[in-house]
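This is what each chain is made of:
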Amino acid sequence: DCVLFNAAPGTFRLFECDSLDENGMFFTHNTPIGLIVKFIKRFSEAEVFLLGAQPVCVTLGEGLSRELCRGLEELEEFILRLDKDHVLRYTGKDN
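Residues numbered from 1 in each chain as written. Predicted model: local features only at pLDDT ≥ 70, side-chain atom pairs only at ≥ 80, totals over all residues. Heavy atoms only, no water.

**Comments concerning unusual backbone geometry**
Operational definition: Working definition: helices are DSSP H or I runs of at least four residues, strands are E runs of at least two. Numbering for both runs from the N terminus.
The backbone of Asn 6 sits at a positive phi, close to 55°, despite the residue not being glycine. Here Asn 6 lies in the segment before β1 (12–16).

Okay, here's the thing in structure tokens:
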């Protein structure tokens, strides 16, 4: 989700949902994040986090900014490296 958390546009941050203060944050969806988290926790034993992206702006109808697209590319590379490291660590195979 896009979240205003006073960082450079295109920055991503992982938030622990138990400690989110929704009053001090802006989310781009109408459904409160806390409600979604409660629903997931009620029907699973999963730990729930929110991956927030700092947008340039949140004007309705605006596409993704260059900064956010660049941040998404960096995030994708990071996740792919994590996945590869995980496979190597636990299987000894380089997939």
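Now that the structure is up, let's keep going.
**Focus: the confidence of the model for the protein chain**
Convention followed: Every residue is assigned a pLDDT by the predictor, reflecting its confidence on a scale from 0 to 100.
Of all residues in the protein chain, 75% attain a pLDDT of 70 or more, and the chain-wide mean is 79. The weakest mean pLDDT in the protein chain belongs to helix α2 (residues 66–91) at 82; the strongest belongs to β1 at 87.

**Quick look at the packing of aromatic side chains**
Condition: Under the pairing criterion, centres of Phe, Tyr and Trp rings, with the six-membered ring standing for Trp, must be within 6.5 Å; the plane angle then separates stacked pairs below 30 degrees from edge-to-face pairs above 60, leaving the rest tilted. When a residue's accessible area, from a 1.4 Å probe over protein chains only, is under 20% of the maximum for its type it is buried; when over 50% it is exposed; and in between it is partly exposed.
In this structure the tally under the stated criterion is 2 aromatic pairs. Taking the centre distance of 4.9 Å and the plane angle of 55° together, the rings of Phe 39 and Phe 43 count as tilted. Linking Phe 39 with Phe 43, this pair stays in helix α1 (residues 33–43), spanning 4 residues, or about one helical turn. Look at Phe 39 and you get exposed, because its relative accessible area is 55%. Judged by relative accessible area, which is 59%, Phe 43 ranks as exposed.

**With respect to a nonpolar patch on the surface**
Formally: Any residue with relative accessible area above 30% and no salt bridge may belong to a patch, with like charges joined within 9 Å and the nonpolar Val, Leu, Ile, Met, Phe, Trp and Tyr side chains within 5 Å. In short, Shrake-Rupley with a 1.4 Å probe defines the accessible areas, and a residue's cover is counted only from the protein chains shown. Whenever Lys or Arg places a side-chain nitrogen within 4 Å of a carboxyl oxygen from Asp or Glu, that contact is recorded as a salt bridge.
A surface patch of nonpolar side chains, about 420 Å² in accessible area, is lined by Ile 36, Phe 39, Ile 40 and Phe 43. By secondary structure assignment, the location of Ile 36 is in helix α1. The exposure class assigned to Ile 36 is partly exposed, which follows from its relative accessible area of 38%.

**Some words on the side chain of Gln 54**
Going by this rule: The contact criterion used is simple: two residues touch if any of their non-hydrogen atoms lie within 4.5 Å.
Tracing the chain through its elements places Gln 54 in the loop between β2 (49–53) and α2. You can call Gln 54 buried: its relative accessible area is 7%. Apart from residues lying up to four places away in sequence, Gln 54 is in contact with Val 3, Leu 4, Phe 5, Asn 6, Ala 7, Ala 8, Pro 9, Gly 10, Thr 11 and Leu 68.

**Things to note about the state of the cysteines**
For the record, the criterion: Two cysteine sulfur atoms form a disulfide, by the criterion used here, when they sit within 2.5 Å.
Summed over all chains, the structure comprises 0 disulfides. Free cysteine: Cys 2, not disulfide-bonded; nearest cysteine sulfur from Cys 57 at 9.3 Å. For Cys 57, a relative accessible area of 39% gives the class partly exposed.

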